[in-house]
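Listed below, chain by chain, are the residues.
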Amino acid sequence: METDKNDLTRQDEDISAQEFEAEEKRDRHDFGNWPEAVGVVATVIVIWLIFAFTG
């Protein structure tokens with residue numbers, strides 16, 4: 001699959017929803033929501049550690 005040089009500089013706001021969905025399907029990266037959940041949990045743990053051991 002040959003990519004157009006202009007496609008590399010296009011912002012997400014410049015493309016339609018159909019083009020964005022096609023690009024996402026081409027990338028084949030569907031991690032679901034678990035990365036966000038893990039990030040929230042990790043953030044909460046870091047914040048707890050900061051407040052628990054300072055004082």
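Everything below is about the structure printed above this text.
Being a predicted model, the structure only gives us computed values, none of them experimental.

Conventions adopted
Residues numbered from 1 in each chain as written. Predicted model: local features only at pLDDT ≥ 70, side-chain atom pairs only at ≥ 80, totals over all residues. Heavy atoms only, no water. Patch = residues over 30% accessible without salt bridge, like charges linked within 9 Å, V, L, I, M, F, W, Y side chains within 5 Å. Areas by Shrake-Rupley, 256 points an atom, 1.4 Å probe, with all protein chains shown as cover. Salt bridge = Lys/Arg side-chain N within 4 Å of Asp/Glu carboxyl O. Helix = DSSP H or I, 4+ residues; strand = E, 2+ residues; numbered from the N terminus. Phe/Tyr/Trp six-rings, centres within 6.5 Å; stacked < 30°, edge-to-face > 60°. Buried < 20%, exposed > 50% of the residue type's maximum accessible area, 1.4 Å probe, protein only.

1. A closer look at a nonpolar patch on the surface
On the surface, Val41, Ile45, Trp48, Leu49 and Phe53 cluster together to form a nonpolar patch covering roughly 560 Å² of accessible area. With respect to the secondary-structure elements, Ile45 resides in helix 2 (residues 34–52).

2. With respect to the packing of aromatic side chains
For the structure shown, the criterion picks out 1 aromatic pair. Look at Trp48 and Phe53: their rings are 6.1 Å apart centre to centre, the planes differ by 75 degrees, and that puts the pair in the edge-to-face class. Residues Trp48 and Phe53 agree in their burial class; the two are exposed.

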